[in-house]
Amino acid sequence: MSSSTSHEHEMLRSMVTRFVAEELMPHEELVDCLGEVPEDIGRQIEARGKEAGLFAANLPEAIGGGGLDYESMRIIEREFGKTSHALHAWVARPTEILLGCEGDQIARYLTPCVTGEKRELFALTEPEAGSDIMSMKSNAKRDGRDWILNGSKHFISGPTMPDFAIVFAVTGLDETPRGQRRRVTAFLVDVGTPGFDIKIGNRSVSYRGYNTYALSFSDVRLGPDQILGKEGEGLELAGKWLGMGRVWVGASCCGKAERMFGMAADWAANRKQFGQAIGKFQGTGFKLADMAVELRAADLLVDDAVRRANSGTMTDIDASMVKLYCSEMLHRVADSTVQIFGGMGLMEEVPVQRLWRDSRLERIWDGTSEIQRHIISRAILRPLGA
Ligand SMILES: Cc1cc2nc3c(=O)[nH]c(=O)nc-3n(C[C@H](O)[C@H](O)[C@H](O)COP(=O)(O)OP(=O)(O)OC[C@H]3O[C@@H](n4cnc5c(N)ncnc54)[C@H](O)[C@@H]3O)c2cc1C
């Protein structure tokens, strides 16, 4: 990964800010209203993203990606966070787990995701296994050299119908000092494989137009070359990259909070009641003060995590703290923005209600706030023997 100077980071920030304003925001209302991204708009965003050098910016240059450093990726995710996932997801940042591809898998899965010829899904969650992922029912059993996959996944999200899914399934049991532990393996499963059914699933009111897919597997035969990484090491492979994903959620929350804060401040300065700007009432002005302080604190937490990631010292706890604080901060900022707008905050004619709906998801995906608190509190208590 290359490292850039702060001048290059500033140039990147203004380029991405312009990209978001010109290529993404103009489609927000239409997409929210339709509940889908028209294919031509999605393809246009994809093409413009490639022209701007933003496509697959997170992956190494050696395989055709942008090779951007963490600070640059933080800038991109923060600016993209100001708009809808349904739109910026067309500028793919393929999951880094694909860097685990080996041999023929590189040409078959990794490279096409870098060029945009293929799209992937990350399929972990199941209808009965959300936070408690180890209770997953999806399983694969050996049949000679092959594997036979059965099970289902839901809430698996992406901007458009994918070409393949990275599917996590139980492939056996390990004996450990703390009892039996399920072996989870990641498989690369092509759409179109007999027995693999994929369709658009539940429709989220956050980021309308960002699809969630329901996947089902009925005796799907997979060759040994469709295992990503090593058999039984799927979660370890995913875990290597999940932390950075949580930091990017944090950066994205800061971007959205900044946008909402700007709207709230503007409204508070201009809306008059009782003969004066509502911002002059402490009940409103103090809300703005709290929003500003919390946003600054959230940005500093992201800064700190990026610095730790650069020095190779970032832990899962650091990433959980960023995800927890930034998503909860966004929730408070979004709610205060609606409150400052009063009734107008809930009207479809202004974007506040849409950003408020979009914000809600951030406390849920990539591990709920309760799960982040669980991770942090275990790290505090485990060394104390509790
Ligand atoms: C729009 C959208 C897109 C998504 N995209 C993907 C994707 O691409 N790939 C993917 O694999 N998943 C995806 N997810 C799934 C997401 O990660 C899960 O929704 C999330 O992990 C929570 O699981 P759940 O919804 O089943 O809630 P549950 O696990 O049922 O949790 C319900 C409530 O119980 C609480 N809870 C559960 N366990 C505990 C505990 N131990 N302690 C305290 N509280 C607890 C939770 O915090 C939550 O408040 C997506 C979800 C959504 C909504």
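Since we're looking at a predicted model, the values are computed, not measured.

Conventions adopted
Residues numbered from 1 in each chain as written. Predicted model: local features only at pLDDT ≥ 70, side-chain atom pairs only at ≥ 80, totals over all residues. Heavy atoms only, no water. Helix = DSSP H or I, 4+ residues; strand = E, 2+ residues; numbered from the N terminus. Rg over C-alpha atoms; globule rule 2.2 N^0.38 Å. Areas by Shrake-Rupley, 256 points an atom, 1.4 Å probe, with all protein chains shown as cover. Lys, Arg positive; Asp, Glu negative; His and termini not counted. Charge placed at Lys NZ, Arg CZ, Asp CG, Glu CD. Buried < 20%, exposed > 50% of the residue type's maximum accessible area, 1.4 Å probe, protein only. Contact = heavy atoms within 4.5 Å. Domains from an automatic or database assignment. Buried area = accessible area lost by both parts, 1.4 Å probe. Core = buried A, V, L, I, M, F, W, Y, C linked by side-chain atoms within 4.5 Å. Near = heavy atom within 4 Å. Polar contact = N/O pair within 3.5 Å; in protein donor to acceptor, adjacent residues only side chain to side chain. Nonpolar A, V, L, I, M, F, W, Y, C, P; charged D, E, K, R; others polar. Salt bridge = Lys/Arg side-chain N within 4 Å of Asp/Glu carboxyl O. Pairing = 2+ DSSP bridges.

Caption draft 1: Spatial organisation of the overall build of the chain. Along its length, the chain carries 11 helices and 10 strands. Relative to the globule expectation of 21 Å for 386 residues, the C-alpha radius of gyration of the chain, 22 Å, shows essentially globular dimensions. When the backbone C-alpha atoms are referred to their principal axes, the chain occupies close to 80 × 55 × 40 Å. Total accessible area on the chain is roughly 18100 Å²; 53% of this is exposed by carbon and sulfur atoms. If the 46 positive side-chain charges of the chain are averaged to one point and the 54 negative ones to another, these points end up 4 Å apart.

Caption draft 2: Structural detail: helix α4 (residues 70-80). Burial analysis of α4 places 10 of its 11 residues in the buried class, which makes it a mostly covered element. Turning to α4, the residues buried within the fold contact α1 (6-24), α5 (85-88), α7 (234-270) and α8 (282-310).

Caption draft 3: Main features of the domain arrangement of the chain. Structurally, the chain comprises domain 1 (6-93), domain 2 (120-232) and domain 3 (237-384). A straight line from the C-alpha centre of domain 1 to that of domain 2 covers 27 Å. At the interface, 14 residues of domain 1 touch seven residues of domain 2. Carbon and sulfur atoms make up 55% of the surface buried where domain 1 meets domain 2, a total of about 880 Å² over both sides. Considering only the surface of domain 1 that becomes buried against domain 2, Asp32, Gly35 and His85 emerge as the three largest contributors, covering 43% of it.

Caption draft 4: Expanded view of unusual backbone geometry. In this structure, Ala56 takes a positive phi of about 50° despite not being glycine. One can find Ala56 in the loop between α3 (39-51) and α4. Relative accessible area serves as the criterion here: at 0%, Ala56 is assigned to the buried category. A positive phi is found at Phe155, a non-glycine position, where the angle reads about 60°. With respect to the element layout, Phe155 can be found in strand β3 (residues 146-158). Phe155 gets classed as partly exposed once you look at its relative accessible area, which sits at 47%.

Caption draft 5: Summary view of the nonpolar core. In terms of nonpolar packing, the biggest core is built from 59 residues, with Leu54, Ile76, Phe80, Val247 and Val302 touching the most fellow members. Of all the elements in the fold, those that place two or more residues in this core are α1, α3, α4, α5, α7, α8, α9 (316-341) and α10 (352-361). Per-element tally for this core: the top contributor is α7, with 12 residues. Counting residues domain by domain, this core receives three or more from each of domain 1 (6-93) and domain 3 (237-384). Discounting chain neighbours no more than four positions away, the residues touching Ile76 are Leu12, Val16, Leu54, Ala57 and Leu68. Residues Phe55, Cys101, Leu124 and Phe164 belong to the second largest nonpolar core, which totals 25 residues.

Caption draft 6: View of the site of the ligand. By nearness alone, 16 residues border the ligand, and Thr125, Ser131, Ser157, Thr368 and Glu370 come closest of all. A distance of 2.8 Å is found between a nitrogen atom of the ligand and a backbone nitrogen or oxygen belonging to Phe122. Here an oxygen atom of the ligand sits 2.7 Å away from a polar atom, N or O, in the side chain of Ser131. Protein contacts shield 63% of the accessible area of the ligand, which totals 960 Å² for the unbound molecule. For the shell around the ligand, the elements supplying multiple residues, two or more each, are β3 and α11 (369-381). Per-element tally for the shell around the ligand: the top contributor is β3, with three residues. Split by residue class, the shell around the ligand holds eight nonpolar, six polar and two charged. Each of two domains, domain 2 (120-232) and domain 3 (237-384), supplies a minimum of three residues to the shell around the ligand.

Caption draft 7: The arrangement of the pattern of salt bridges in detail. Tallied over the full model, the rule gives 30 salt bridges. Between Glu28 and Arg259 there is a salt bridge, with its nearest N and O atoms 2.8 Å apart. Here Glu28 is found in helix α2 (residues 28-34), whereas its partner Arg259 is found in helix α7, with 231 residues between them in sequence. Like Glu28, the residue Arg259 is buried in the burial classification. Note that Asp304 is salt-bridged to Arg308, the shortest N-O span being 2.9 Å.

Caption draft 8: A look at the side chain of His154. Topologically, His154 is positioned in strand β3. Overall, His154 belongs to the buried group, its relative accessible area being 16%. Leave out the neighbours within four places in its chain, and His154 touches Thr125, Glu126, Pro127, Asn202, Tyr213 and Ala214.

Caption draft 9: Looking closely at the side chain of His9. On the secondary structure map, His9 appears in helix α1. Given the relative accessible area of 10%, His9 is considered buried. Here Ser72 takes part through its side chain, which lies 3.3 Å from a polar atom of the side chain of His9. Once residues lying within four places of it in the same chain are set aside, the contact partners of His9 are Ser4, Asp69, Glu71, Ser72 and Ile75.

Caption draft 10: The pairing of strand β4 (residues 164-176), seen in detail. Judged from the four bridges that link them, strand β1 (residues 120-123) and β4 form a sheet pairing that is parallel. Among the inter-strand pairings, Ala123 is bridged to a residue of β4, identified as Val167. The sheet contact formed by β4 and strand β5 (residues 179-190) spans 12 bridges and is antiparallel. Within the sheet, the bridge partner assigned to Ala169 lies in β5 and is Thr185. In sequence, β4 turns back onto β5 through a hairpin of two residues.

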